[in-house]
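Coordinates in review
The chain contents come next:
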Amino acid sequence: MEDRSRWVALGVLCTGMLMIVLDMTIVNVALPSIQADLGFSQSSLAWVVNAYLIAFAGLLLLAGRLGDLAGRRNVFMAGLGVFTVASLLCGVAANQEMLVAARFLQGIGGALTSAVILGMIVTMFADPREQAKAIGVFAFVASAGAAVGLLAGGILTQFLNWHWIFFVNLPIGVVTVVAARQLIEADRGAGLRAGADVAGALLVTGAMMLGVFTIVGPAAAGGWLAAKTLGFAAGSLVLLGGFLIRQHTARNPLMPLRMFASRTVTGANLVQVLGTAGMFGMFFLGSLYLRRILGYDPLQIGLAFLPVAVVMGTLSVRYTDRLVMRFGARTPMLAGLGLIAAGLALFASAPASGSGYLTQVFPVAVLAGTGAGLCFPALMALAMSSATPQDAGLASGLVNATAQVGGALGLAVLATVSASRTSALLAQHRPAAVALTNGYHLAFWIACGLVVAAAAVAATVLRSPAAGSSSAPRQDARVEVLVH
């Protein structure tokens, strides 16, 4: 491929990823409007986010494997097609069930699209300097997409309606598919006969779906120790056990268990699960707090959380790598987790009335954005530091998949606990604003505890490579955390 053509092709790949990243943040701003229009309860509203996350996380590793077998360009275009059609279905959804089902389909398309992009970039740009520059461009687009999503979500929801946050994907998706077919060279995969662990993907996705349903359904309605709750939880564990057995016996496992022989890999993924559980809860419940307690409109909600994306993107792209090189990965990671916990603790003290953005919301956004910008790129660098060249792609996919798992399960728990606390206070005839705020407070404290637990795991389990050491996988890791 000619030099100019490669950079044009990079633009196509970045556009595809921009659509995926934008969709991840644009939905958060519209959640209160979606809840009011379609009649979601607070706990069931989590399915609007979790349906996407479950499909995305459950199929991310399988999608990467399909790229190796069927050709990365083919999988990229198929993913864009699925994502675009699913966006149309989300936009025309007239009830809860249709929207949740379409969001699950969106997650499938997002996994197919995003899982192969980094591999395509590395293949197109073999020269180390060009590769670093291409990855830097990709990282900037991914980071900017998060900020654009917050603003676009607010503008579209306020001046049109929430349906348009999905319709905006249609022209982007169509143009990107056409451009990809014309501008990206086709690659030959190993062939589907080489084997893809479809059974493993179905088992882990089923386990996640049943686990989340257990939390937002039977647990929310009948309590955590109700017979129905325990029965569904047992079913989820059976599916998870089946997945582990499958990975031990399959010829081409989706997630080889040998990866967890590394203390660093196991610890990093555990930190990822706990840390992202807290962060997802902040955005989800924070949006509801701003709307239902402070009375923010959708555009104000987007602007309120914009500092998170701006600060995180700036640190991730320009500064965190330097800190990792100087101090090692663990130090900035622990500092970042501490700042995220502080932001959540501050949010847990937000009043049931008031409108002081600079004193109540802005400090939380800055703390969370700074913490995430320091923590997650350093965490990815640490997770990738012990990966062999043969396992680098698998290790990167694994830590991104556990981020989605942590987000989905954490969000389900926090939304359910918050709703239960609010219902209990309303039954005691407490004012609605006070009951809602106390429910949010409890969830924020639990999220803070999850992040503190992540810091404890990082401090006791993880060992940072020597400061100043570097490896190619670390650079890939910086991009992956911005994307996913």
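Just so you know, these numbers come straight off a predicted model, no measurement behind them.

The rules we used
Residues numbered from 1 in each chain as written. Predicted model: local features only at pLDDT ≥ 70, side-chain atom pairs only at ≥ 80, totals over all residues. Heavy atoms only, no water. Helix = DSSP H or I, 4+ residues; strand = E, 2+ residues; numbered from the N terminus. Buried < 20%, exposed > 50% of the residue type's maximum accessible area, 1.4 Å probe, protein only. Expected span 1.5 Å × (residues − 1). Phe/Tyr/Trp six-rings, centres within 6.5 Å; stacked < 30°, edge-to-face > 60°. pLDDT = per-residue confidence, 0-100. Axes fitted to C-alpha atoms, helices over the stretch in contact; angles between N-to-C directions. Parallel < 35°, antiparallel > 145°, perpendicular 65-115°, else oblique. Left-handed = near helix turned anticlockwise from the far one by under 90°. Contact = heavy atoms within 4.5 Å. Nonpolar A, V, L, I, M, F, W, Y, C, P; charged D, E, K, R; others polar.

The subject of this paragraph is the overall build of the protein chain. When its secondary structure is counted, the protein chain shows 17 helices and zero strands. Burial statistics for the protein chain: of 484 residues in total, 55% are counted as buried.

What follows covers helix 12 (residues 330-347). Taking 1.5 Å of rise per residue, the 18 residues of helix 12 would be expected to cover 26 Å, and the 26 Å separating its terminal C-alpha atoms lies within 8% of that figure. Among the residues of helix 12, Pro332, Met333, Gly336, Leu337, Ile340, Ala341, Gly343, Leu344 and Phe347 are the ones counted as buried.

Each pair of aromatic rings is reported with the distance of its centres and the angle of its planes. Inspection of the entire model under this criterion finds five aromatic pairs. Residues Phe347 and Phe444 carry aromatic rings whose centres are separated by 4.5 Å and whose planes lie at 5° to one another, so their mutual orientation is stacked. Of this pair, Phe347 sits in helix 12 while Phe444 sits in helix 16 (residues 432-461), placing them 97 residues apart in sequence. In this pair, the class of Phe347 matches that of Phe444, namely buried.

On to the confidence of the model for the protein chain, then. Residue-level pLDDT values for the protein chain average 79, and 83% of them are 70 or greater. Mean pLDDT values over the elements of the protein chain span from 38, in helix 17 (residues 472-483), up to 91, in helix 16.

Here we come to helix 10 (residues 263-292). Taking 1.5 Å per residue as the helical rise, helix 10 with its 30 residues ought to reach 44 Å, and the 44 Å between its terminal C-alpha atoms agrees with that figure. The buried count for helix 10 comes to 23 of 30 residues, which makes it a mostly enclosed element.

As a further point, take the packing of helix 12 against helix 16. Two elements in contact, helix 12 and helix 16, have axes separated by 8 Å at closest approach and are oriented at 165°. In terms of orientation, helix 12 and helix 16 fall into the roughly antiparallel class. For the pair helix 12 and helix 16, the sense of crossing is left-handed. When helix 12 is examined against helix 16, the residues Arg330, Met333, Leu334, Leu337, Ile340, Ala341, Leu344, Ala345 and Phe347 are found in contact with a partner set consisting of His441, Phe444, Trp445, Ala447, Cys448, Val451, Val452, Ala454, Ala455, Ala458 and Ala459. Residue composition of the contact of helix 12 with helix 16, grouped by class: 18 nonpolar, one polar and one charged.

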